[in-house]
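Spelled out from the first residue to the last, the chains are:
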Amino acid sequence: MWKVAMSEEVGKAVQSVLERVKQAAARRPKTLPAVPPRLVAVSKTKPPEMIVEAYRQGQRNFGENYVNELVDKASDPAILELCPEIKWHFIGHLQKNNVNKLLGVPNLFLMETIDSAKLADKVNSSWQRLRGASSQRLKIMVQVNTSGEQNKHGLPPEDTVNTVKHIVSQCSALHFSGLMTIGRYGYDLTLGPNPDFQMLLSRRQEVCDTLKLPMEEVELSMGMSTDFEHAIEVGATNVRVGSIIFGNREYPNSALNTPNPSPLPSPAPSPEKTSKTVSEEAAKKMHHLTVSEH
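Residues numbered from 1 in each chain as written. Predicted model: local features only at pLDDT ≥ 70, side-chain atom pairs only at ≥ 80, totals over all residues. Heavy atoms only, no water.

(A) View of the packing of aromatic side chains. Scanning the model with the defined rule gives one aromatic pair in all. With centroids separated by 6.2 Å and ring planes inclined at 55°, the aromatic side chains of Phe-62 and Trp-88 adopt a geometry described as tilted. Linking Phe-62 in strand 2 (residues 61-64) with Trp-88 in strand 3 (residues 87-90), this pair joins segments that are 26 residues apart in sequence. Residue class for Trp-88 comes out buried when judged on its relative accessible area of 0%. Sitting over the ring of Tyr-185, Lys-152 keeps its end group 4.0 Å from the ring centre. (Phe/Tyr/Trp six-rings, centres within 6.5 Å; stacked < 30°, edge-to-face > 60°. Helix = DSSP H or I, 4+ residues; strand = E, 2+ residues; numbered from the N terminus. Buried < 20%, exposed > 50% of the residue type's maximum accessible area, 1.4 Å probe, protein only. Lys NZ or Arg CZ within 6 Å of the ring centre and 35° of its normal.)

(B) Broad picture of the packing of helix 6 (residues 117-131) against helix 7 (residues 160-170). Contact geometry for helix 6 and helix 7: axes closest at 10 Å, N-to-C directions at 20°. When the axes of helix 6 and helix 7 are compared, the pair comes out roughly parallel. Judged by the sense of rotation from one axis to the other, the crossing of helix 6 with helix 7 is right-handed. Residue-level contacts link Ala-117, Ala-120, Asp-121 and Asn-124 of helix 6 to Thr-163, His-166, Ile-167 and Gln-170 of helix 7. For the contact of helix 6 with helix 7, the per-class residue count stands at three nonpolar, four polar and one charged. (Axes fitted to C-alpha atoms, helices over the stretch in contact; angles between N-to-C directions. Parallel < 35°, antiparallel > 145°, perpendicular 65-115°, else oblique. Left-handed = near helix turned anticlockwise from the far one by under 90°. Contact = heavy atoms within 4.5 Å. Nonpolar A, V, L, I, M, F, W, Y, C, P; charged D, E, K, R; others polar.)

(C) Fine view of helix 2 (residues 48-56). Among all positions of helix 2, only Met-50, Ile-51, Val-52, Glu-53, Ala-54 and Tyr-55 are buried. Immediately beyond the C-terminal end of helix 2, within one or two residues, lies Gly-58, with a positive phi of roughly 105°.

(D) A look at the UniProt feature "modified residue: N6-(pyridoxal phosphate)lysine" (unreviewed entry) in the protein. Within this numbering scheme, the UniProt entry marks Lys-44 as carrying the feature "modified residue: N6-(pyridoxal phosphate)lysine" (unreviewed entry). Looking at the secondary structure, you find Lys-44 in the loop between strand 1 (38-42) and helix 2. (UniProt positions renumbered as here; feature names shortened; annotations may be inferred.)

(E) Layout of unusual backbone geometry. Even without glycine at this site, Asn-107 takes up a positive phi of about 65°. The backbone of Lys-212 shows a phi angle near 55°, a positive value even though the residue is not glycine. Along the polypeptide, Lys-212 turns up in the loop between helix 8 (195-211) and strand 7 (219-221).

Next up, the structure:
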């Protein structure tokens, strides 16, 4: 349950993460586009009161993984009244039968998880129908499965250029904003730069070279609570941070939150919760990583 004491903690956490984002950006090589990174506060499973408090602290971008939860929060009376400039990011897997529901969300700012040309076509036609031909284009990102894991959504890396080309040329209601990846959980940064992030950097280079797009106009959404500083240092322009702002996720059906736990398996914990915490040694080395520049 929401407690008044948590209000101050959320405020301090937002300010702390924003400062860390700023410091990480200052450590980037000068060869990278000087785009100020955007912090997306991932608020899934958290109550509207926490979102309102983070908004009071100046936070504007919030991410949700599930369509129904986003619909409920975006239409919450307190959020509608107190957070008029909120910008919602959808960062979960989108099924085609939920496209219209998602696109009806007020203040939908960026759909980060387009993972096929077919889904892009569906979102494009639905946005045209819902918003009218003269409306503002919907910002989208293309999700790339950089780690090649079967349980991850996203395009195979080799399909990135053709998919972006299709969106740019065939989806007139969409604005291609950049590339997104989740990457392998728990990568040990003492081994060097995260290869999933390096893969996304190289795919952006390929997209920009092939389609003649300016590098600074193609964003990279990568990095979460355990590795967002490293992600920014190597080129992320959009980081998705949840647990270190709002605390660990609370899943209603999990044993931790149920007085009489049922024998049924609880929902899968969030990526941030399961990913290995970066060790102190890794954190020290993070600042001195050799960044491969593409």
